[in-house]
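# Descriptive analysis of the structure
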Amino acid sequence: MTPWLTILGIVPLVGAVAVGATPRRSPLLAKQIALVTSLVVLLLTLAMCVDFEPKGDRFQFVQKHDWISSFGVQYAVGADGIALVLIALVAVLVPVVILASWYDADPEAESSAGTDGPPVPERKRSVKTFFALLLVLETMMIGVFAATDVFLFYVFFEAMLIPMYFLIGSYGGPKRSYAAVKFLLYSLFGGLLMLAAVIGLYVASARQGLGTFEFDKLTQMEFSHSTQVLLFLGFFIAFAIKAPLFPFHTWLPDAGAEAPIGGAVLLVGVLDKVGTFGFLRYCLPLFPWAARELAPLVITLCVIGILYGALLAMGQKDLKRLVSYTSVAHFGFIGLGCFAFTTQAQTGAVLYMVNHGLSTGALFLVVGFLVVRGRSRLVGDYSGIGQVAPVLSGVFLVAGLSSLALPGLSTFVSEFLVLVGTYQRYQVAAILATVGIIFAALYILLMYQRTMQGTLSAAHEKMRDLRLREVLAVGPLLALMIVFGFYPKPLTDIITPAVTHTMEDLGVQDPAPSQLNTATTEKR
Amino acid sequence: MLGAAPLAAETIEYVAADGPLSYLWLLIALPALGSAILLLGGRRTDKWGPNLACAMTGAAFVYGLISFLDLRGRAEQSVDLHLFSWIPVAGFHVDAGLLFDPLSATFVLLITGVGFLIHVYSLGYMDGDPRKRIFFAYLNLFVAAMLLLVLGDSFLALYVGWEGVGLASYLLIAFYFYRPTAATAAKKAFIANRVGDVGLSIAIMVMFAALGTTSFEGVFSNAGALTAGTATAIGLLLLLGACGKSGQFPLQTWLPDAMEGPTPVSALIHAATMVTAGVYLIARATPIFDHTETAALVVSIIGAITLVIGCIIGCAYDDIKKVLAYSTVSQIGYMFLAVGIPGAGAFAILHLLTHGFFKACMFLSAGSVMHGMDDQVDMRRYGGLRKYMPVTYACMGAGYLAIIGLPPFAGFFSKDKIIESAYDLGGTRGWVLGTVALLGAGVTAFYMTRLMVMTFFGNERWTEGQHPHESPKVMTVPMVLLAVGSLVSGFGLLYVVDLPQWLSPVLGHHEEAGPHTISVVVLTALTLVVVAGGVAGAVYAFGRRPVPTTPPVAVTPITVAARKNLYFDSLNESLLMRPGQYLTRALVFLDNRGIDGAVNGLAAGIGGGSGRLRRIQTGFVRSYALSMFGGAAVVVAALLAVRLGT
């Protein structure tokens, strides 16, 4: 079997080294190497997806090698359907981000190319480091989804922070260092909790006679209820901070607002998904009793997050903070899907993770394009942009519509699956969450109206429309959302079997239709 | 008394499509393709794009007609075309499929037929607009989405079309997006629709939780298994969705604002087709409403309330498009009233069709008047236009006679049937609903006569330098065709096509059971007297003396209220918008100070006080490396401890 996952992890690292080796005077070469590397990863990922058999084993492309044998730590990787689609998301987003951030590290190059950009920054920033960091981050992101050893997962979980910290801290906005530190403090706090839980897990498994970090073996074990609750909470809080779930969300608006746009896309699009991925991969299968007991609590937090995030988004004046808060609401939906314990809801949650990456990615990118042109992040500084930049405004609208989950776009499929799946167990939660779709329409359309519609402000009369590079970056995301909106089957076919395994680990079954007359044949 | 035989068959089965019907997807694909070409093709398509859009809708009409004739020749008249598996997840399995039955076939002809005429009209109306191509792209998008709405064979497929037309409507209301009022109106429309969508979404969830399916076939076959409570819940939730889309009470205020869009849009989307989608939804869900008398009655009551609201406000406005808009609100109220009456669903559809003709005709005529009057919409600035725009006058006249219900114009047949069905409900509800419908006809005649008098008769009150002129042929020909429809469609649909019979496989059989509450002849005569009273009242009030160019101030409290939309907007503002804004502001403050502050404090506490936090901020990388190292040391220590312990 081809060791796809290891290859995928190594290629970006090699690319990063190559980028780092380019001479300082030729930033273009560094960018080109980075772009080509990320495209190679994308192609390899597509090949891996073709090689993946949805109806085959739970984990495929498995590799296991002893690492620290005395503690049973292994280099163990493998992909189930959930990990596979998230790795594919990473592979799609990284080239998009590289293309969209082409001039983010050296805006003066763009200015000299005869286009308007932000004022030359106050200090020189290394171009090649920026792109090398992106590639290193790609390795970490692939690793965190591919790991099937809890310790290895923890290592990637923590290591992932480092490139992101530098991306925010060195290439971010005016308040970048505050945001970077806040991001790191939160993550570190979550990381410490998780570390404690990881150790606890090892201890608990050792008490059962086999100290191990191996996911497969751990799911076979039955821990006592009190152990489950403690370990569940350790993992859960770490993941809830990462996700971020209400009330652990306050680092996200700062980090999302100050990060360079490419960093923000990867931060919200992928890094945060590690949290919700962790719910499904670790919290539910390893501690099923605790998960079942605590689910109502989590569901409550998620519903609050959906409404709270949406209301907060409406009140924001800063475009990037606004988009970050929409994500708080979206993560509420994903969490709801994870903890509603129906196949529909969990499949919807995984699909939501992918779609949210595409949708919020597109929204962040187009906000970034706007900010580069208008040199302001404030909603109030823009008006009537649609008149001078119709393509930008059109892309903005489609990205916004995907964020409010318009039927026909892929986000609708996932959101509806979450809601319909949740309704079967938690009617009130599902109804409240559905009310959230009104708020979603409000925050998106208010933002669109204030920036793109209305009378054109004099300051922006000469604003340029999107350039080809920018269209090429954001176009694929919009195309994917439309395609998967009408034909999500390739994704659901991969996700559903994995979710079925999770449901089995969890020991729950889908409720049957409550009022179906069994005498008549059920026709779907 | 009217009786309704519920759809008798316990299981409803659709036959697979074959022959010409196997390409039904073309109906949607043609306009969708047109829209995509125009949007993605950019300025290259400026020249021929609008013509292509017309051709696409025209082709869809021709194909729709072929399919319609094919369906009429069939014994099994519910034909299903399975396309592909859309959302297959464990028990939740939704197929993308199209259902072609008498109801959807009728809608297909209305949408593509009226749609094609309005496309052609727009060629003239939008001439000279630099964004004409975009306009036609959106129009084609609308037609595609609307066809998906009526052709989808599951509630979820319907939902996609439902939101698609909402999007097209949003885009077209905001077509002049640089006007802040247009942008606000578009947003308002979308939000009001979303409120309705919550109802529709939850209805679908309830269906799935109860029956395990969302397809029409599955839900309707098992509707009998629903408990009364569930059926009522589904019915009321669907009604909420329908109210949002169709501008019914309490979600009616967006529709008049939607007149910010170009007039052909008002004709096609906000009069003839999209806003009637709510009626389609209720009619489509007849098998559910058959099981819930309560929900059906609420549908009728909502219709009656809206009918009254629309009539009253329609009398007070001077903006010709707003008068027509409130008249649409009110006429759709009639349709809701009818569709909630068991056995009268076919009359709701009949009125929907005739209304599609005469209201589109009136809107296009209004557009023609505006075209000749430099986009003036204030009727107080019209007057005496019949001499200058004879064709427009004739067309508007045909629409007018149809809406007030003068025989043999279309509205006479459809509205009379609704009034008759309402009375035939019997009991208090029959008398109340019937009387509301009857008096509504009188008020309709009043405000429509006012519109005619102020626009085409009386003294000329134009602003300086206006030269009213007749519109070009490309605009008048579609108007004339619609005017002909306003004349013949009522009689034709009722007696030549026998619409109730044709729709009976979907809406159930309409049976003449027992005597009428009021005999048909008496009721018809009574209606005509009431209508004549309305006409006479308007002529008396507005025809005798010159109309002032500014609205009179000394008016009744009702008029004052009507001019302010009966305070529904103010109510929304003070009950929802303002509190919402305060809540949002308060939450933003709390989120920045409260939760964040607490966590910052916590973080500082863990780091060893705020002084430590600052130090971390400065030499952060070192600190982080140290923490990582410390963490690793803890791990090793712990692991060792565990191993030693075991």
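As the structure is a prediction and not an experimental result, all values here were calculated from the model.

On to the overall build of chain A, then. Across its full length, chain A carries 21 helices and 2 strands. Against the 2.2 N^0.38 benchmark of 24 Å for 524 residues, chain A shows a C-alpha radius of gyration of 22 Å, consistent with a compact globule. Along the first, second and third principal axes, the C-alpha set of chain A runs to 65 × 55 × 40 Å. A buried classification covers 68% of the 524 residues belonging to chain A. Across chain A, contacts joining residues at least 24 apart in sequence account for 80% of those joining residues at least 6 apart. Across chain A, the centroid of the 34 positively charged side chains sits 7 Å from that of the 32 negatively charged ones.

This part is about the layout of surface pockets. One number sums up the size of the second largest pocket: a volume of about 1,800 Å³. Considering the residues around the second largest pocket, the lining is formed by 48 residues, among which Leu442 and Leu446 of chain A together with Leu576, Met577 and Gln581 of chain B are closest to the centre. Elements represented by at least two residues in the lining of the second largest pocket include exactly helix H14 (288–314) and helix H19 (427–452) of chain A together with helix H6 (180–211), helix H9 (254–257) and helix H23 (568–607) of chain B. Looking at which element gives the most residues to the lining of the second largest pocket, the answer is H23 of chain B, with 16 residues.

This brings us to the pattern of salt bridges. Side chains bearing opposite charge may pair, as long as their charged atoms lie close to each other. Counted according to the given criterion, the structure contains 25 salt bridges over all chains. Note that Arg321 of chain A and Asp254 of chain A form a salt bridge whose closest N and O atoms lie 3.0 Å from each other. With a gap of 67 residues between them, Arg321 of chain A in helix H15 (residues 319–339) and Asp254 of chain A in helix H11 (residues 251–258) connect regions that are remote in the sequence. Grouping residues by exposure puts Arg321 of chain A and Asp254 of chain A together as buried. Across the pair Arg194 of chain B and Glu163 of chain B runs a salt bridge whose closest N-O atoms are separated by 3.3 Å. Placement of the pair is Arg194 of chain B in helix H6 and Glu163 of chain B in helix H5 (residues 155–173), with a sequence separation of 31 residues. Assessed through its relative accessible area of 1%, Arg194 of chain B is described here as buried.

At a minimum axis separation of 9 Å, H19 of chain A and H6 of chain B run at an interaxial angle of 165 degrees. The angle between H19 of chain A and H6 of chain B falls in the class roughly antiparallel. Regarding H19 of chain A and H6 of chain B, the two cross each other, and that crossing is right-handed. Here Ala430, Ile431, Thr434, Val435, Ile437, Ile438, Ala441, Leu442, Leu445, Leu446 and Gln449 of chain A of H19 of chain A lie close against H6 of chain B, whose contacting residues are Pro180, Ala183, Thr184, Lys187, Phe190, Ile191, Arg194, Val195, Val198, Ser201, Ile202 and Met205 of chain B. Looking at the contact of H19 of chain A with H6 of chain B, its residues break down into 17 nonpolar, 4 polar and 2 charged.

The omega torsion of the bond from Ala243 of chain A to Pro244 of chain A falls at -10 degrees, within 30 degrees of zero and hence cis. Along the chain, Pro244 of chain A falls in the loop between helix H10 (225–242) and H11. A positive phi angle, close to 55 degrees, is found at Phe61 of chain A, a residue other than glycine. With respect to the secondary-structure elements, Phe61 of chain A resides in strand S1 (residues 60–68). In this structure, Asp374 of chain B is a non-glycine residue whose phi angle is positive, near 55 degrees.

Contact with chain A, which involves 90 residues of that partner, is made by 80 residues of chain B. For the pair chain A and chain B, the summed buried area comes to about 7,300 Å², and 73% of that belongs to carbon and sulfur atoms. Summed over the shared surface of chain A and chain B, the number is 0 salt bridges. Linking chain A with chain B are 8 residue pairs in polar contact (both at pLDDT 80 or more), by the criterion used here.

Okay, a nonpolar patch on the surface next. Residue and element names in this part refer to chain B. A cluster of nonpolar side chains, namely Val391, Val480, Val484, Leu487 and Val488, defines an oily patch on the protein surface of about 340 Å² accessible area. With 4 residues, helix H19 (residues 473–496) is the largest single contributor of residues to the nonpolar patch. As for its placement among the helices and strands, Val480 is situated in helix H19. For Val480, a relative accessible area of 36% puts it in the partly exposed group.

Further remarks concern the confidence of the model for chain A. All names here are of chain A. Across chain A, the average pLDDT comes to 88, with 95% of residues at 70 or higher. Scored below 50 in pLDDT, residues 112–121 shows 21 contacts in the model against residues more than four places distant or in partner chains. Under a pLDDT of 50 for its full length, residues 519–524 has, in the predicted model, 14 contacts with residues more than four places off or in other chains.

Moving on, we get to the pairing of strand S4 (residues 92–100) of chain B. Taken across its 9 residues, S4 of chain B has 7 buried, putting it largely inside the fold. Connecting strand S3 (residues 79–89) of chain B to the next strand, S4 of chain B, in antiparallel fashion are 2 residues, including Ala90 of chain B with a positive phi near 45 degrees.

Bringing the pairing of S1 of chain A into the picture now. Two faces, one strand: in a regular strand the side chains alternate between the faces of the sheet. Residue and element names in this part refer to chain A. Pairing geometry for S1 and strand S2 (residues 73–79), over 6 bridges, is antiparallel. By the bridge assignment, Asp66 is partnered in S2 with Gln74. Hairpin connection, S1 to S2: the antiparallel pair is bridged by 4 residues, and Gly72 has positive phi, about 70 degrees.

Glancing now at the packing of aromatic side chains. Applying the stated criterion across every chain, the model contains 59 aromatic pairs over all chains. Residues Tyr165 of chain A and Phe166 of chain A carry aromatic rings whose centres are separated by 5.3 Å and whose planes lie at 70 degrees to one another, so their mutual orientation is edge-to-face. Residue classification places Tyr165 of chain A among the buried residues on the basis of a relative accessible area of 13%. Its relative accessible area of 29% is what places Phe166 of chain A among the partly exposed residues. Above the plane of the ring of Phe175 of chain B lies Arg131 of chain B, whose end atom (NZ or CZ) is 4.5 Å from the centre. Above the face of the Phe542 of chain B ring, Arg450 of chain B is positioned so that its terminal group lies 5.3 Å from the ring centre.

Another point: the nonpolar core. In terms of nonpolar packing, the biggest core is built from 431 residues, with Phe235 and Phe339 of chain A together with Leu238 and Ile349 of chain B touching the most fellow members. Residue contributions to this core peak at 18 residues, all from H6 of chain B. Residue contacts for Phe235 of chain A: discarding those within four places in its chain leaves Val150, Met194, Ala197, Val198, Leu201, Tyr282, Cys283 and Phe287 of chain A.

Moving on, we get to the packing of helix H8 (residues 176–207) of chain A against H11 of chain A. Residues and elements named next belong to chain A. At a minimum axis distance of 9 Å, the contact between H8 and H11 shows a crossing angle of 140 degrees. Taken as axis vectors, H8 and H11 run oblique relative to one another. Every pair of crossing elements has a handedness; the one defined by H8 and H11 is left-handed. Residue-level inspection shows Arg176, Tyr178, Ala179, Lys182, Phe183 and Tyr186 of H8 in contact with H11, the latter providing Trp251, Asp254, Ala255 and Glu258.

So, about H6 of chain B. Along its 32 residues, H6 of chain B runs 46 Å from first to last C-alpha, staying within 8% of the 46 Å computed at 1.5 Å per residue. Burial analysis of H6 of chain B places 27 of its 32 residues in the buried class, which makes it a mostly covered element.

Residues and elements named next belong to chain B. Relative to the helices and strands, Pro102 is located in helix H3 (residues 102–125). Residue Pro102 is classed as buried on the basis of its relative accessible area of 0%. Considered as a pair, Pro102 and Trp502 are 400 residues apart in the sequence and their alpha carbons are 6.5 Å apart.

This paragraph deals with the state of the cysteines. Tallied over the entire structure, the rule returns 0 disulfides over all chains. Cysteine Cys283 of chain A remains unbridged, with the sulfur of Cys338 of chain A as its closest cysteine sulfur at 9.4 Å. Note on Cys283 of chain A: relative accessible area 0%, which makes it buried. Here Cys315 of chain B stays unpaired: no disulfide links it, and the sulfur of Cys311 of chain B, its closest cysteine neighbor, is 6.8 Å away.

Residue and element names in this part refer to chain A. Mapped onto the elements of the fold, Ile299 is located in helix H14. For the pair Ile299 and Cys338, spaced 39 residues apart in sequence, the C-alpha to C-alpha distance is 9.2 Å. Ignoring sequence-local partners within four residues, the contact set of Ile299 consists of Leu336, Phe339, Ala340, Tyr426 and Ala429.

Glancing now at the side chain of Gln466 of chain B. Residue and element names in this part refer to chain B. Tracing the backbone through its elements, the reader meets Gln466 in the loop between helix H18 (427–456) and H19. Engagement of the side chain of Gln466 in a polar contact is seen with the backbone oxygen of Met373, the distance being 2.8 Å. Among the polar contacts listed, one links the side chain of Gln466 to the side chain of Thr463, at a separation of 3.2 Å. In this view, Gln466 contacts Met373, Asp374 and Gln376; residues no more than four positions away in its chain are not counted.

What counts as what
Residues numbered from 1 in each chain as written. Chains lettered and ligands numbered in written order. Predicted model: local features only at pLDDT ≥ 70, side-chain atom pairs only at ≥ 80, totals over all residues. Heavy atoms only, no water. Helix = DSSP H or I, 4+ residues; strand = E, 2+ residues; numbered from the N terminus. Rg over C-alpha atoms; globule rule 2.2 N^0.38 Å. Buried < 20%, exposed > 50% of the residue type's maximum accessible area, 1.4 Å probe, protein only. Contact = heavy atoms within 4.5 Å. Lys, Arg positive; Asp, Glu negative; His and termini not counted. Charge placed at Lys NZ, Arg CZ, Asp CG, Glu CD. 1 Å grid on protein atoms, 1.4 Å probe; cavity = no way out; pocket = protein on both sides within 12 Å on 5 of 7 lines; lining within 4 Å. Points joined across faces, edges and corners; volume = space filled by probe spheres on them. Salt bridge = Lys/Arg side-chain N within 4 Å of Asp/Glu carboxyl O. Axes fitted to C-alpha atoms, helices over the stretch in contact; angles between N-to-C directions. Parallel < 35°, antiparallel > 145°, perpendicular 65-115°, else oblique. Left-handed = near helix turned anticlockwise from the far one by under 90°. Nonpolar A, V, L, I, M, F, W, Y, C, P; charged D, E, K, R; others polar. Buried area = accessible area lost by both parts, 1.4 Å probe. Polar contact = N/O pair within 3.5 Å; in protein donor to acceptor, adjacent residues only side chain to side chain. Patch = residues over 30% accessible without salt bridge, like charges linked within 9 Å, V, L, I, M, F, W, Y side chains within 5 Å. Areas by Shrake-Rupley, 256 points an atom, 1.4 Å probe, with all protein chains shown as cover. pLDDT = per-residue confidence, 0-100. Pairing = 2+ DSSP bridges. Phe/Tyr/Trp six-rings, centres within 6.5 Å; stacked < 30°, edge-to-face > 60°. Lys NZ or Arg CZ within 6 Å of the ring centre and 35° of its normal. Core = buried A, V, L, I, M, F, W, Y, C linked by side-chain atoms within 4.5 Å. Expected span 1.5 Å × (residues − 1). Disulfide = S-S within 2.5 Å.

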